[in-house]
Structures are given as C-alpha cells and as structure tokens.
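Listed here are the chains, written in short residue letters.
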Amino acid sequence: MKKYIVILMSALCLMTIAGCENESSEWGNAKDDVVGEWHLITWNGEAVRDFDIYMKLGSNGRFEIYQQFSTPYYELYKGLYNAQGGVLSGKYSDDVLWNDTYDYALSNGGQVLTLTSRSDSHIQSVYARERVPENLIVGEPSRAASAGRRAL
C-alpha cells in the first residue's frame, strides 16, 4: 500500500511540475533581437507629438513601459512579453493582455523596431533603440498606473 501511495505522490508532483513549466513558458519568452530599450518615434507614419513612450524589453521576458499621455508625468506599466516568430505580445502585471498582438520587424541593423497591429494593419508604431532616461527609472514612478490608458 505504501508503495502505491509513493507512486501516486510522485506522479502528482511530476504533473504539478509539468503544469508549472507549461504555464511559465506561455509568457516571458524573449528573443535577443528585440531585447533592449526603445523609444517611440512615429505612430502611423507621423512624428509623435501629444504622447511619449519608452519601452524596455528584458532578456528575462519582462517588460517596462513608461508612457506619457496628456499628463506632465510618465506612468509605469510592467509585465511579461513573448517575442516569437516575428510576433510580439504581452500581458501586464495585473493579467490584462496588451491591446493587440503585433508583427514586428527590425531594420537599420537592429536599431529600429516596427510594430504592426495584427488586428488592424494600418496601426503601426516605430521605435528607435534608445536608453530610457535615468529620471524615468530612478526612484518610484511619479504615479504608478493601475488601469489607465495603456499604449500597447
């Protein structure tokens, strides 16, 4: 009887571990080519004027988005992203998915990242590889956003 309990417990442990591996592999898959810090330069073919976005895509599959929409301060959003097969998607730390999934392409020797909405190919954003300014990283964000207007 003890032998069957040990086998049953072992099987349950293996199933639990396998389930955790599948769950964690669903998000946080980084691809080296998109890893880095990015600054939005155009939105739908026009220079950005009324808002600003910096995005940090980590090699650990985590992202940080610093965005400024009609406010004097930047809001910080964090979460996990996937970059596989030319497709970029993400999930915020509160489990809300990005507004869309994006086809991505790199150009200019990997210095320019173009995201094209998969649901509306007319929506395109172009980011240049640029460090997030230190004053946006140091200390606490001026106002951490919870469920406001999200860029991605």
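Now for a quick tour of the structure.

Scoring rules and cut-offs
Residues numbered from 1 in each chain as written. Predicted model: local features only at pLDDT ≥ 70, side-chain atom pairs only at ≥ 80, totals over all residues. Heavy atoms only, no water. Phe/Tyr/Trp six-rings, centres within 6.5 Å; stacked < 30°, edge-to-face > 60°. Buried < 20%, exposed > 50% of the residue type's maximum accessible area, 1.4 Å probe, protein only. Helix = DSSP H or I, 4+ residues; strand = E, 2+ residues; numbered from the N terminus. Core = buried A, V, L, I, M, F, W, Y, C linked by side-chain atoms within 4.5 Å. Salt bridge = Lys/Arg side-chain N within 4 Å of Asp/Glu carboxyl O. Pairing = 2+ DSSP bridges.

## So, the packing of aromatic side chains
And step 1. For the structure shown, the criterion picks out six aromatic pairs.
And step 2. Seen from their ring centres, W43 and F51 are 5.8 Å apart, and the 90 degrees between their planes marks the pair as edge-to-face.
And step 3. The partly exposed category is assigned to W43, whose relative accessible area is 30%.

## Concerning the environment of E46
And step 1. The residue E46 is located in strand β2 (residues 46-47) in this model.
And step 2. The exposure class of E46 is partly exposed, given its relative accessible area of 49%.
And step 3. Taking the C-alpha atoms as reference, E46 lies 9.3 Å from S125; in sequence the two are 79 residues apart.

## Thoughts on the nonpolar core
And step 1. M55, Y81, L113, L115 and Y127 are the most contacted members of the largest nonpolar core, which has 21 residues in total.
And step 2. Among the elements of the structure, β1 (36-43), β3 (51-57), β4 (62-69), β5 (75-84), β6 (87-92), β7 (102-107) and β8 (112-117) are those that each provide at least two residues to this core.
And step 3. At four residues, β3 tops the list of elements feeding residues into this core.
And step 4. Judged by nonpolar contacts, the second largest core, of six residues, contains Y54, Y74, L76 and V132.

## Some details on the pattern of salt bridges
And step 1. One pass over the full model with this rule turns up three salt bridges.
And step 2. Among the ionic pairs, E37 bridges to R131, the shortest N-O distance being 3.6 Å. Of this pair, E37 sits in strand β1 while R131 is found in the loop between β9 (124-129) and α2 (134-137), placing the two residues 94 residues apart along the sequence.
And step 3. The salt bridge involving K91 is made with D95; its shortest N-O contact spans 3.7 Å.
And step 4. Among the residues examined, D95 registers a relative accessible area of 56% and is labelled exposed.

## What about the pairing of β6?
And step 1. Most of β6 is tucked away, with six of its six residues classed as buried.
And step 2. Taking every second residue as pointing to the same face, both faces of β6 are buried, with V87, S89 and K91 on one and L88, G90 and Y92 on the other.
And step 3. Sheet analysis places β6 next to β7, joined by two bridges and oriented antiparallel. The residue bridging L88 from the neighbouring strand is Y102, located in β7.

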